[in-house]
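# Summary of the model geometry
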Amino acid sequence: MIDQRLLRTDLDGVKAALSRRSRPKLIDDVDRAAQLDARLRDIQAERDEIRAKVNSVSKDVGMLRRDGNVEEAEKLQVQSREFGASEKSLAGEHDDVSALLNDLLLGLPNIPHADAPDGASDADNPVITGPIGLNTTFPAWQRVPHWETAEALGILDNERATKISGAMFTMQRGAGATLARALTQFGLDRNADVHEEIRPPSLVTTATLTATGQLPKFADDAYLIERDDLWCVPTAEASLTSIFSDEILDDTDLPIRLMAFSPSFRREAGSAGRDTRGMLRAHEFDKVELLAFATPEQAPALLDDMVGRAASAMGDLGLPYRVMEICTGDMGQSHHRTFDVEVYAPGVDTWLEVSSVSWFGDYQARRGNTRFRRHDEDGKPSKGSEFVHTLNGSALAVPRVWAAIIENYRNEDGSITVPEALHRYMRNITVIR
RNA sequence: GGAGAGGUGCCAGAGCGGCCGAAUGGGAUGCCCUGCUAAGGCAUUGACCCUCCGGGGUCCGUGGGUUCAAAUCCCACCCUCUCCGCCA
């Protein structure tokens, strides 16, 4: 959620910033939100005034009754009842307007960072780093899609996954399952230097999923367990972002850096039929996520650090990769600034998005109400509090990296050489055959 | 899932229709006293919104209701604890 106050202090600035997202309808929404905000404040002021009167009259009534002056008291009560009636109607109007405004604000995307590149779609995303480690040519035996290789080796059995759970579920077997788990362990271990490991719940409340921005707009993309009103997390980001909601952190504790392994559940509504083969898109997959809570000043360096971590993981696995910056037209709803790490997979001849690292500003913290308090040089806490900045990114999303390994490490005989960085997690399996 | 108890400020804990944004104790911070330490004295100590900067409003688990007036009464829900049941 963007700062409602900006609608009054810098309406033109908000409109200019959001217009960079190439969605004209947004500007109408901003205008409408600004109108509702102004109306709401008028109602609020009027209401406060009446409440003040009711409060003071009620106090007088109390004193009069104590002194036995029933007659005067009853006169005042009549007056107060009238105030009460008009307050009630204002309260109703207030609720209506604020519900409308809240819907609008929840739907408004974050303001893009000034340095985020302009653009209309993913075609406009500039390459920031790389490609690194990309060969100019690939031998024919590497031009085989991973599902063909993996099924032949018996390490991927999507047919039976479908029998068990339906379309777009995957199942790894034997060394394939070991490889998947090795990747998560690899993803966690290399980030344990500065991140606290968390094992968060995978089912979360509506409030939790609203804080990250998935709800209310993207409800169709998530699995809802209706009986208990719980959602399956689409990413550990959802659980981690709400970990300190309704709390006020100390700036001396910031940045707080967390990492978590979790399953991720996605309905993939609207993408039926796309990337249905292999491991590229599934309803459930495993991922190691990084997340940081920071002051605004700390955020840019943390963003760089996270992008570096996601990218170097691919480098250490010996996979060809590049880093893209996401342009304003392609940015996610909650994002302030975003970088993607992509890995080249020769079998499907595509760059696969394996990590997306974003800085959210205070957009998520405002929705989740996560604040921090500053301290001066003498360690004295300052008055009031601010919203923290959040950042997150995938340290390692298992399925696509898994697929990229199968395709990049395929040998002429159809076997797979396990990248050296994973040997220690692979129970001595160095070649999958 | 069943029975009972309870949710109040940084913590503990009182209040159970008006004088309560809230006693008391602890903690923290500042000042005084003190050679240092200990002890002591005094004071300060929640968040949020609006503001014509005088002030006004909201918040005692959450949401509704009763009342001139709700932390206090009523209803629903959530959460915590204890016992029982079930269970990796």
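Residues numbered from 1 in each chain as written. Chains lettered and ligands numbered in written order. Predicted model: local features only at pLDDT ≥ 70, side-chain atom pairs only at ≥ 80, totals over all residues. Heavy atoms only, no water.

### Some words on the overall build of chain A
A tally of helices and strands in chain A yields 12 helices and 16 strands. Summarising its shape, the C-alpha atoms of chain A cover approximately 100 × 45 × 45 Å along the three principal directions. Across the 433 residues that make up chain A, the buried fraction comes to 51%. At a minimum sequence separation of 6, the contacts of chain A that also span at least 24 residues come to 74%. Per element, the accessible surface of chain A, about 20500 Å² overall, is 48% carbon and sulfur. (Helix = DSSP H or I, 4+ residues; strand = E, 2+ residues; numbered from the N terminus. Buried < 20%, exposed > 50% of the residue type's maximum accessible area, 1.4 Å probe, protein only. Contact = heavy atoms within 4.5 Å. Areas by Shrake-Rupley, 256 points an atom, 1.4 Å probe, with all protein chains shown as cover.)

### Some words on the sheet that holds strand β4 (residues 224-225)
Pairing is antiparallel across the open sheet formed by three strands, whose spatial order is β3-β5-β4. The two strands at the open ends of the sheet, each matched to only one other strand, are β3 (203-204) and β4. Relative to strand β5 (residues 230-232), β3 is paired through two bridges, and the arrangement is antiparallel. Within β5, the residue paired with Leu203 across the bridge is Cys232. (Pairing = 2+ DSSP bridges.)

### Observations regarding the protein's contact with RNA strand B
Lining the immediate surroundings of RNA strand B are 21 residues, of which Arg8, Arg51, Ser80, Arg81 and Ser385 lie closest. The share of sugar and phosphate among atoms of RNA strand B within 4 Å of the protein is 68%. Within the contact set of RNA strand B, a base nitrogen lies 2.8 Å away from a backbone nitrogen or oxygen of Ser58. One of the side-chain nitrogen or oxygen atoms of Ser80 is found 2.3 Å away from a sugar or linking oxygen of RNA strand B. Those elements that provide at least two residues to the surface near RNA strand B are α3 (25-66), α4 (70-107) and β12 (370-373). Looking at the surface near RNA strand B, the element that brings in the most residues is α3, giving 10 residues. Split into classes, the residues belonging to the surface near RNA strand B amount to two nonpolar, seven polar and 12 charged. (Near = heavy atom within 4 Å. Polar contact = N/O pair within 3.5 Å; in protein donor to acceptor, adjacent residues only side chain to side chain. Nonpolar A, V, L, I, M, F, W, Y, C, P; charged D, E, K, R; others polar.)

### Points about the environment of Phe261
Inspection of the secondary structure assignment puts Phe261 in strand β7 (residues 256-265). Between the alpha carbons of Phe261 and Ala397 there is a distance of 9.7 Å; along the sequence they are 136 residues apart. Those residues within four positions of Phe261 in sequence are excluded, and the remaining contacts are Thr184, Leu188, Ile198, Arg199, Pro200, Asp286, Lys287 and Val288.

### Remarks on the packing of helix α2 (residues 11-19) against α3
Two elements in contact, α2 and α3, have axes whose closest approach is 9 Å; the angle formed by their N-to-C orientations is 160°. Our classification of the angle between α2 and α3 gives roughly antiparallel. Judged by the sense of rotation from one axis to the other, the crossing of α2 with α3 is right-handed. Facing Leu11, Val14, Lys15, Leu18 and Ser19 of α2, the residues of α3 in contact are Leu26, Ile27, Val30, Asp31 and Ala34. When its residues are assigned to classes, the contact of α2 with α3 shows seven nonpolar, one polar and two charged. (Axes fitted to C-alpha atoms, helices over the stretch in contact; angles between N-to-C directions. Parallel < 35°, antiparallel > 145°, perpendicular 65-115°, else oblique. Left-handed = near helix turned anticlockwise from the far one by under 90°.)

### Let's talk about a negative patch on the surface
There is a patch of like negative charges on the surface, built from Asp42, Glu46, Asp48 and Glu49. By the secondary structure assignment, Glu46 is in helix α3. (Patch = residues over 30% accessible without salt bridge, like charges linked within 9 Å, V, L, I, M, F, W, Y side chains within 5 Å. Salt bridge = Lys/Arg side-chain N within 4 Å of Asp/Glu carboxyl O. Lys, Arg positive; Asp, Glu negative; His and termini not counted. Charge placed at Lys NZ, Arg CZ, Asp CG, Glu CD.)

### Describing the sheet that holds strand β13 (residues 386-387)
The three strands are arranged β6-β12-β13 in an open sheet whose pairing can be described as mixed. Where the open sheet ends on each side, the last strands, each with one partner, are β6 (247-250) and β13.

### So, unusual backbone geometry
A cis geometry characterises the amide bond from Leu215 onward to Pro216, with omega recorded as 0°. Residue Pro255 is reached from Leu254 by a cis peptide bond, and omega for that bond is 0°. Note on placement: Pro255 falls in the loop between β6 and β7. Its identity is not glycine, yet Met168 carries a phi of approximately 65°, on the positive side. Checked against the element boundaries, Met168 lands in the loop between α6 (158-165) and α7 (175-189). Here Met168 falls in the buried class, since its relative accessible area comes to 13%. The phi torsion at Asp229 lies on the positive side, around 55°, for a residue other than glycine. Overall, the relative accessible area of 44% leaves Asp229 in the partly exposed class.

### Notes on the confidence of the model for chain A
Detailed reading of the predicted coordinates is not advisable wherever pLDDT is low. With 100% of its residues at a pLDDT of at least 70, chain A reaches an overall mean of 93. The ipTM for the predicted assembly is 0.88, set against a pTM of 0.93. (pLDDT = per-residue confidence, 0-100.)

### Points about the packing of aromatic side chains
Evaluation of the coordinates by the stated rule reveals three aromatic pairs. The ring of Phe387 is capped by Arg371, whose NZ or CZ atom sits 4.3 Å from the centre of that ring. (Phe/Tyr/Trp six-rings, centres within 6.5 Å; stacked < 30°, edge-to-face > 60°. Lys NZ or Arg CZ within 6 Å of the ring centre and 35° of its normal.)

### With respect to the nonpolar core
Met314, Trp402 and Leu422 are the most contacted members of the largest nonpolar core, which totals 58 residues. It is helix α10 (residues 299-316) that contributes the most residues to this core, nine residues altogether. The next biggest cluster of nonpolar side chains, apart from the first, holds 30 residues, and it includes Ala33, Val57, Leu64 and Leu101. (Core = buried A, V, L, I, M, F, W, Y, C linked by side-chain atoms within 4.5 Å.)

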